[in-house]
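Listed here are the chains, written in short residue letters.
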Amino acid sequence: MHDKLPLELEQRIDALERADNQGAGFGPADWVWLLLLGVVGPGLLLLWGWQ
Amino acid sequence: MSATDSSDESGWPLTRAERDWNRWQLFAVLLVTAAATWCYIIGEYVGYYLNLRMGFAAMTAGSMIGMLLVTLAVVPTATRFGIDSIASARPQFGDRGWIITVFLQYASIIGWNCLLMIFFGKSVDQLLQTLGVITPDTGAWVLRGVTILACVFVYVVLLRGGTGLEVVSKVLFFFIVGIGGWMTWVLVTREAGVLAEAKPAYASGNLRWDYVTGVEIGIVSLLSWWPYIGAMVRKAPNAGGATLPAMLGMGLPVPILSVVGLAAILALQVSDPSAWLVQLGGPTYGVIALLFVIAANFGTTLAGVYATAIGLRQVPALATIHWGILMLFALVPVAAVSLFVPDLFFNNFGTFLAFIGVFFAPICAIQITDYLILRRQRISIRAVFVGGPGTDYHYWGGFNPAAVLAMIAGFFTYLYLLNPVTYASRAPYDYLTASLPTAVVAGVVYALITVLLVKPSGKGGYE
């Protein structure tokens, strides 16, 4: 941990504490892709492979 | 940090302007990172237990499940603030407890890089022997010499930091995709008959156990992306810009390339393409395979060394050290293992894989439970970088007991279900794998301790 922050790091943190400088989280479309590729797809593949 | 170091050589959060990789840039870098010759070894392990169809299904399903866990754990935090995997875990592990994740990242990536470098050295040795350039008794020295040369090359490229990684990835992307596709086509078309009849050499006699083991190998292989992914997705502007590149660029190439290893071990009893392509097409094919091995392993080693160096930046003693010296911490151990104990390391790959599942399944579960559920996607970026008594992530002495106990619970759950050394298992492994129950147990333990102890004590910055 940094006891005294370097100036540049302090400036970065200041900027990122403002919500408009932060990246957005997963949106609805992202959740659909995650569900399809990480849950539904693997489930279907496992059924196909077991036949 | 020296004045000449750029932002992508620090472990500091990236500003909005610096998070400028689009989906295709990130996709190319993640694909080049994922596509390495470890895929052939992963495919080889699955091919010990399953035929081509079942092996492909189990390995691909497991890989995508593992990638989902890693994506959910790291991408939201890394892309929100432009931080790497290690920094993203500080809210859960504490402002001293994060050292656990640094150690695991270091051990894991060093391990993978050793494997890649040794594989590369063995491939050069194999090809030069086939071509009659060297004799078998000089092979060990060729392996060592080639490995050291490769380490030096990686060092030189990464002197440019993440920019060097992105530039090299653009070139390697087309090479890896093109030759990888060609190798698969050659193997499947020429050996179709043998593949259809091929039986796995070490099938247990319990098809469900074999199938679940294929899934488990897929999951743990992709869980090993946890240490890598943060350093790269942090360059994306938001989680949406990293979702598909992560799932398709980092998740899918592993099972697709692993099919080459799976098919090769079933049909030809060897997974190294620089060996079996010579069998199929002579020395010219062998040279092409070797070029592929070089390209694939080089890109991945670059990404691994870069991610390790970024992770080590979080260690106070290394926070201001020159970038060129920092990289030596990531490269020297690789060179040492490759020089002194290459065969010992290479022959214990299965145990190394299990070690990844033992530790990274709980880490992913802890992060998912904490960030997405308990904190509802809100953390303090200041508290990630400013620690000490009275700050949000100091917990008790810098350690969060919820994370430590969840790791311990996950560790023993995994060991109960699957012995990483002997692969002896207990129910319900043959239905559920070892990694998934391990993740569930770790997540539940973390949530319970947080709700019953941490939150009521006013620790952790929970709202």
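Attention here is on the structure that accompanies the text.

Cut-offs and rules
- Residues numbered from 1 in each chain as written.
- Chains lettered and ligands numbered in written order.
- Predicted model: local features only at pLDDT ≥ 70, side-chain atom pairs only at ≥ 80, totals over all residues.
- Heavy atoms only, no water.
- Helix = DSSP H or I, 4+ residues; strand = E, 2+ residues; numbered from the N terminus.
- Rg over C-alpha atoms; globule rule 2.2 N^0.38 Å.
- Buried < 20%, exposed > 50% of the residue type's maximum accessible area, 1.4 Å probe, protein only.
- Areas by Shrake-Rupley, 256 points an atom, 1.4 Å probe, with all protein chains shown as cover.
- Contact = heavy atoms within 4.5 Å.
- Lys, Arg positive; Asp, Glu negative; His and termini not counted.
- Charge placed at Lys NZ, Arg CZ, Asp CG, Glu CD.
- Buried area = accessible area lost by both parts, 1.4 Å probe.
- Salt bridge = Lys/Arg side-chain N within 4 Å of Asp/Glu carboxyl O.
- Polar contact = N/O pair within 3.5 Å; in protein donor to acceptor, adjacent residues only side chain to side chain.
- Core = buried A, V, L, I, M, F, W, Y, C linked by side-chain atoms within 4.5 Å.

1. As for the overall build of chain A
Point 1. Helices and strands together make up the secondary structure of chain A, namely 2 helices and 0 strands.
Point 2. Its C-alpha atoms give chain A a radius of gyration of 21 Å, more than 25% over the compact-globule value 10 Å for 51 residues.
Point 3. Taken along the three principal axes of its C-alpha coordinates, chain A extends 60 × 25 × 10 Å.
Point 4. Put simply, chain A has 51 residues, and 39% of those count as buried.
Point 5. As displayed, chain A offers around 3200 Å² of accessible surface, 66% of which is attributable to carbon and sulfur atoms.

2. Here's the deal with the overall build of chain B
Point 1. Scanning chain B from N- to C-terminus turns up 22 helices and 0 strands.
Point 2. For chain B, whose C-alpha radius of gyration is 22 Å, the value lies close to the compact-globule estimate of 23 Å for 463 residues.
Point 3. Per-residue burial over chain B gives 65% buried out of 463 residues.
Point 4. Contacts in chain B between residues at least 24 apart in sequence constitute 85% of all its contacts with a sequence separation of at least 6.
Point 5. Carbon and sulfur atoms form 68% of the exposed surface of chain B, whose accessible area is close to 15500 Å².
Point 6. Between the averaged position of the 24 positive side-chain charges in chain B and that of its 21 negative side-chain charges there is a distance of 10 Å.

3. Points about the interface of chain A and chain B
Point 1. With 33 residues of chain A at the contact, the number on the chain B side is 50 residues.
Point 2. With both chains or domains summed, chain A and chain B bury close to 3700 Å², and 69% of this area falls on carbon and sulfur atoms.
Point 3. Linking chain A with chain B are 4 salt bridges.
Point 4. Between Arg12 of chain A and Glu18 of chain B there is a salt bridge, and its shortest N-O distance comes to 2.6 Å.
Point 5. The interface formed by chain A and chain B contains 13 residue pairs in polar contact (both at pLDDT 80 or more).

4. Focus on the pattern of salt bridges
Point 1. Using the criterion set out here, one finds 8 salt bridges over all chains in the structure.
Point 2. A salt bridge links Asp14 of chain A to Arg382 of chain B; the shortest N-O distance between them is 2.7 Å. Taken as a pair, Asp14 of chain A in helix α1 (residues 7-16) and Arg382 of chain B in helix α19 (residues 381-385) lie in two separate chains rather than in one.
Point 3. Its relative accessible area of 35% is what places Asp14 of chain A among the partly exposed residues.
Point 4. Put simply, Lys122 of chain B and Asp343 of chain B hold a salt bridge, and the shortest N to O gap is 3.0 Å. Here Asp343 of chain B lies in helix α17 (residues 342-346) and Lys122 of chain B lies in helix α6 (residues 99-130), a separation of 221 residues in the sequence.

5. Digging into the nonpolar core
Point 1. If you look at the biggest cluster of nonpolar residues, it comprises 182 residues, and the most contacted ones within it are Trp38, Trp225 and Trp226 of chain B.
Point 2. Aside from chain neighbours lying at most four places away, what touches Trp225 of chain B is Thr33, Ala34, Trp38, Met67, Val70, Met250 and Val254 of chain B.

6. A closer look at unusual backbone geometry
Residues and elements named next belong to chain B.
Point 1. In the segment running from Ala427 into Pro428, the intervening peptide bond is cis, with an omega of 5 degrees.
Point 2. Among the secondary structure elements, Pro428 is positioned in the loop between α20 (401-417) and α21 (429-432).
Point 3. With a phi angle near 50 degrees, Tyr395 is a residue other than glycine that sits in the positive phi range.
Point 4. Among the residues examined, Tyr395 registers a relative accessible area of 3% and is labelled buried.

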